[in-house]
Structures are given as structure tokens and as C-alpha cells.
Amino acid sequence: MEIIDAIILGVIQGLTEFLPVSSSGHLELGKAILGESKMPAEGLMFTVVVHFATALSTVLVFRKDIVEILTGLFQYKWNEETQFAVKIFISMIPAGIVGLIFEKQLEALFGGSVVFVGFMLILTALLLFLADKARNTNKPVTFFKAFLIGIAQAIAILPGISRSGATISASVLLGVDKSKAARFSFLMVVPLILGKIAKDLLDGAISMETQGIGYLTAGFLAAFISGIIACTWMIQLVRKSKLSYFSIYCLLVGIIAVFSGLYL
């Protein structure tokens with residue numbers, strides 16, 4: 001992989017992890033455009049690195065929230081912070097179960113199926129449109145809603161379904177305040193990403209090779225910096241109910257992907 005390819009894919013990951021346009025779907029489309037030869041055996045390691053970069057960018061943007069949560073947890077009381085942490089854990093359960101049971105089947109979907117990605121992007125567009133039209137409320141994330149949002153996150157494992165789009169849309173459609181929905185959506189993915197990376201490392205699925213340190217570093221920095229920008233921007237967009245713009249974008253990209261996959 002060339003450095004410029006790593007930077008391009010890193011920026012795609014950083015932007016699309018937070019913007020509701022599907023990072024996995026865009027990475028699949030990016031690989032289709034650049035060619036599978038750009039993503040040989042080191043592809044899994046690169047994917048892990050850029051996902052770790054976006055997890056770190058989330059930690060940086062929400063550093064105050066994370067410190068408050070950790071401080072509250074170490075008080076060993078059933079306080080607001082402990083309850084929030086439990087809700088995060090509950091939201092992880094569906095995706096964790098799906099990832100463990102259907103890991104091989106899910107991996108088969110990440111094989112450059114442009115048509116499939118296109119249809120999933122169109123579905124993402126519909127979710128964003130519905131969420132943007134929903135009325136804003138002051139309702140919090142309850143334990144049951146956290147589980148339902150977790151189901152949305154599990155569905156978003158499919159390439160083309162935006163994780164942030166699905167979870168934020170599910171939250172808003174369940175009546176959760178839009179600012180709280182964005183906060184919960186971004187924080188709930190951090191332990192999931194770190195857990196997946198830890199699992200891959202322990203299983204020996206990935207290994208660090210020094211000859212690839214250049215493109216890995218480039219991809220990491222590109223994803224980290226673009227992730228910070230996208231995360232901060234997305235919080236503002238959700239508050240201002242501007243998801244319809246991304247709905248239009250996903251619809252157009254989805255249609256183009258389906259057309260190109262079927263006829264080109």
C-alpha cells in the first residue's frame with residue numbers, strides 16, 4: 001500500500017466513522033475504486049489501526065465526559081455515571097453477540113460487493129430522513145432504549161449501514177434528546193472498538209510488521225485528525241437537525257453504487 005492510499009483511506013475512515021454515511025461502506029467503495037491490489041494481506045492490520053485512531057479521537061473529544069464517568073464509577077455508588085456506564089455495557093451486548101456468532105458470515109460481506117453497499121446506503125438515507133423529521137425532546141437514554149440502540153448498532157455492522165446514523169436515528173426515533181443521542185452514540189462505540197482490537201490481538205488475527213509502519217502511521221494520523229474534526233462537527237449538526245443533507249448524500253452515493261455495480 002502506498003502512503004497516499006493510506007492517507008486517503010484514513011481520511012475516509014475518520015470522516016465516515018462519525019458522519020452518518022457508513023465508514024465500512026465507504027471503505028469498501030474506496031477499495032473498489034483504488035483496486036483490491038491496494039489492500040493485500042496487510043488490509044486487516046490497517047483496518048484495525050484506523051479504527052483505533054477514530055476511537056482515540058472520540059476519547060479526545062469526549063475526554064471530560066469520560067473522566068466524569070470514570071470518577072463516578074470509582075465512587076462505587078449507583079449514581080448517574082454508573083448508570084450511564086451500565087447503559088453503555090447494555091448497548092454493546094447485541095453487537096457483541098452478532099459479532100461472535102456470525103463473524104465468518106459478516107466477513108464474507110466485506111468482499112467488495114458494491115451493489116450490496118449501495119442498497120445499505122439507501123437504507124441509511126431513509127433512517128436519517130426519518131430521524132431528521134422527528135421532534136426534539138428532553139428525554140434521556142433509558143436502560144431499555146440503550147438495548148434497542150444496541151440492536152441498531154448490531155445491524156450497522158453491515159457495510160453501508162452507518163453506525164452513527166443508525167444509532168443516532170434509533171435514539172431520536174425513540175424520543176431521546178438529540179444532543180444526548182449523539183453523545184451516547186459516540187461513547188458507546190469506544191469500548192466495542194477497543195474490545196474487538198483486543199480480541200484480534202489475543203487471537204493472533206493481526207500482527208505488527210515493521211515494514212508497514214510507514215503507511216500504518218500515515219493512515220492512523222489521517223483517521224485521527226479527520227475523526228476529531230468530523231466528531232465535533234457531527235455533534236453540532238445533530239443539535240441543529242441537519243441530518244437531511246447526509247440523507248441526500250447517502251441516497252445519491254447508494255444509487256450510483258448500485259448502478260455501477262449492476263451495469264459497469
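See the structure shown above.
Notes on the structure in this doc start here. Sequence order as written defines the numbering, with residues in each chain counted from 1. Whole-chain, interface and lining totals are the exception, using all residues; otherwise, since this is a predicted model, local features are given only for residues with pLDDT of at least 70 and side-chain atom pairs are given and counted only at 80 or more. The side-chain quantities take in all heavy atoms of the structure and omit both hydrogens and water.

1. A look at unusual backbone geometry
Point 1. Positive phi, normally seen in glycine, also occurs at Y76, with a value near 55°.
Point 2. Turning to its location among the elements, Y76 is positioned in the loop between α4 (63-73) and α5 (80-101).
Point 3. Residue burial is assigned from relative accessible area. The probe radius is 1.4 Å, only protein chains are included, and a residue is buried under 20% of its type maximum, exposed over 50%, and partly exposed in between. Overall, the relative accessible area of 69% leaves Y76 in the exposed class. For the purposes of this entry, the term helix denotes a DSSP run of H or I that reaches at least four residues, the term strand denotes a run of E that reaches at least two, and both are numbered from the N terminus.

2. A look at a nonpolar patch on the surface
Point 1. To count toward a patch, a residue needs a relative accessible area over 30% and no salt bridge; like charges are then connected within 9 Å, while nonpolar side chains (Val, Leu, Ile, Met, Phe, Trp, Tyr) are connected within 5 Å. Each accessible area is a Shrake-Rupley estimate made with a 1.4 Å probe; only the visible protein chains count as cover when residues are assessed. We count a salt bridge whenever a side-chain nitrogen from Lys or Arg sits within 4 Å of a carboxyl oxygen from Asp or Glu. Together, F89, I93, I97, L100, I101, F102, F147, I151 and I155 line one region of the surface with nonpolar side chains, adding up to about 840 Å² of accessible area.
Point 2. At the level of secondary structure, the elements contributing two or more residues to the nonpolar patch comprise α5 and α8 (143-155).
Point 3. At five residues, α5 tops the list of elements feeding residues into the nonpolar patch.
Point 4. Counting through the fold element by element, F102 comes out in the loop between α5 and α6 (103-109).

3. Considering the pattern of salt bridges
Point 1. Scanning all chains against the criterion turns up two salt bridges.
Point 2. Of the charged contacts in the structure, one is a salt bridge between E17 and R163, with a shortest N-O distance of 3.6 Å. Residue E17 is found in helix α1 (residues 3-18), and its partner R163 is found in helix α9 (residues 163-173); the two are separated by 146 residues along the sequence.
Point 3. Residue E17 is classed as buried on the basis of its relative accessible area, which comes to 6%.
Point 4. We classify R163 as buried; its relative accessible area is 11%.
Point 5. Where R183 meets D65, a salt bridge forms, and the shortest distance between an N and an O atom there is 2.6 Å. Linking R183 in helix α10 (residues 178-203) with D65 in helix α4, this pair joins segments that are 118 residues apart in sequence.
Point 6. On the basis of relative accessibility, which here comes to 18%, the residue D65 falls in the buried class.

4. Here's the deal with the packing of α9 against α10
Each pair of packed helices can be summarised by the angle the axes make with each other and by the distance between the axes.
Point 1. Between N-to-C directions, angles cover 0 to 180 degrees, with each direction set by a line fitted to C-alpha atoms, over the stretch in contact for helices. Two elements in contact, α9 and α10, have axes separated by 9 Å at closest approach and are oriented at 140°. The orientation of α9 relative to α10 falls into the category oblique. When the axes of α9 and α10 are compared, the crossing they make is right-handed. Two secondary-structure elements touch here, α9 through R163, S164, T167, I168, S171 and V172 and α10 through K178, A181, A182, S185, F186, M188 and V189.
Point 2. Charged residues are taken to be Asp, Glu, Lys and Arg, nonpolar residues to be Ala, Val, Leu, Ile, Met, Phe, Trp, Tyr, Cys and Pro, and polar residues to be all remaining types, Gly included. Tallied by class, residues from the contact of α9 with α10 come to seven nonpolar, four polar and two charged. An angle counts as roughly parallel when it lies under 35 degrees, as roughly antiparallel when it exceeds 145, as roughly perpendicular when it falls between 65 and 115, and as oblique in every other case. Here is the rule for handedness: rotate from the far helix to the near one, and if that takes an anticlockwise turn smaller than a right angle the crossing is left-handed, while a clockwise turn gives right-handed. Contacts are residue-level and defined by heavy atoms, with any inter-residue pair within 4.5 Å sufficient.

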